[in-house]
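Topology and contacts: notes
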Amino acid sequence: MTGLVVCVAVLAVASAFGVLHKRRSGRVRVRGRDEDRRLGAADLGAQLGERATLVQFSSAFCAPCRATRRVLGEVAGLVPGVAHVEIDAEAHLDLVRRLDILKTPTVLVLDADGRVVRRAVGQPRKADVIAALGEAV
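About the criteria used
Residues numbered from 1 in each chain as written. Predicted model: local features only at pLDDT ≥ 70, side-chain atom pairs only at ≥ 80, totals over all residues. Heavy atoms only, no water. Disulfide = S-S within 2.5 Å. Buried < 20%, exposed > 50% of the residue type's maximum accessible area, 1.4 Å probe, protein only. Helix = DSSP H or I, 4+ residues; strand = E, 2+ residues; numbered from the N terminus. Contact = heavy atoms within 4.5 Å. Axes fitted to C-alpha atoms, helices over the stretch in contact; angles between N-to-C directions. Parallel < 35°, antiparallel > 145°, perpendicular 65-115°, else oblique. Left-handed = near helix turned anticlockwise from the far one by under 90°. Nonpolar A, V, L, I, M, F, W, Y, C, P; charged D, E, K, R; others polar. Salt bridge = Lys/Arg side-chain N within 4 Å of Asp/Glu carboxyl O. Pairing = 2+ DSSP bridges.

**Regarding the state of the cysteines**
What the rule picks out here adds up to one disulfide. With its sulfur 2.2 Å from that of its partner, cysteine 62 forms a disulfide with cysteine 65. Sign of the S-S torsion, about 85° for the bond between cysteine 62 and cysteine 65, identifies this disulfide as right-handed. Of the residues examined, cysteine 62 reaches a relative accessible area of 7% and is grouped as buried. Look at cysteine 65 and you get buried, because its relative accessible area is 1%.

**Some words on the side chain of glutamine 56**
Assignment of secondary structure puts glutamine 56 in strand β2 (residues 52–58). Apart from the residues lying within four places of it in its own chain, the contact partners of glutamine 56 are Cys65, Thr68, Arg69, Leu72, His84, Val85, Glu86, Ile87, Pro105 and Thr106.

**Quick word on the packing of helix α3 (residues 63–78) against helix α5 (residues 126–136)**
Interhelical geometry of α3 versus α5 gives an angle of 45° and a closest axis separation of 10 Å. On the basis of their axis angle, the class for α3 and α5 is oblique. Crossing handedness for the pair α3 and α5: right-handed. Here α3 contributes Val71, Leu72, Glu74, Val75 and Leu78 to the contact with α5, which in turn contributes Lys126, Val129, Ile130 and Leu133. Split by residue class, the contact of α3 with α5 holds seven nonpolar, no polar and two charged.

**As for the pattern of salt bridges**
Applying the stated criterion across every chain yields a total of six salt bridges. Residue aspartate 100 is joined to arginine 37 by a salt bridge in which the shortest nitrogen-to-oxygen separation is 3.3 Å. Here the residue aspartate 100 occupies a position in the loop between α4 (93–98) and β4 (106–111), and arginine 37 occupies one in the loop between β1 (28–29) and α2 (41–44), the gap between them amounting to 63 residues.

**Focus: the pairing of β2**
Burial within β2 is extensive, with seven of its seven residues counted as buried. Burial along β2 is two-sided: Ala52, Leu54, Gln56 and Ser58 facing one way and Thr53, Val55 and Phe57 facing the other are all buried. Of the strand pairs in this sheet, β2 and strand β3 (residues 82–88) are connected by seven bridges, and their pairing is parallel. Counted as the bridge partner of threonine 53 is alanine 83 from β3. When β2 meets β4, the two strands line up antiparallel, connected through six bridges. Directly across from threonine 53, in β4, lies its bridge partner leucine 110.

As structure tokens, this is what we get:
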């Protein structure tokens, strides 16, 4: 009988964790640790956008990375002065470690000076990316 109670308790905790994780994945938010971080063209291997830059960290076998690439490309095409830069996380481990990238896709929203103003882990929604750009531009 106690085994059944333990099993039910574990399932309840795991389900709550899963729901919370799904709700947080892809949401664009500010992290206190990103406040003083800046990236330049040398870090990205590409020029910064005139107004903002969407930096996407991806990996080869990441299915959500393909959808994220499409969303960020559409947003960059809609908003003048915004660039989209995709970085292979596996090929740039030094940058991944420096920026505390733990999962792909991770999206950083940079302002015109390369300062990180927002971060999303997981596949962001188009509306959330556009809203995050409002702070960067």
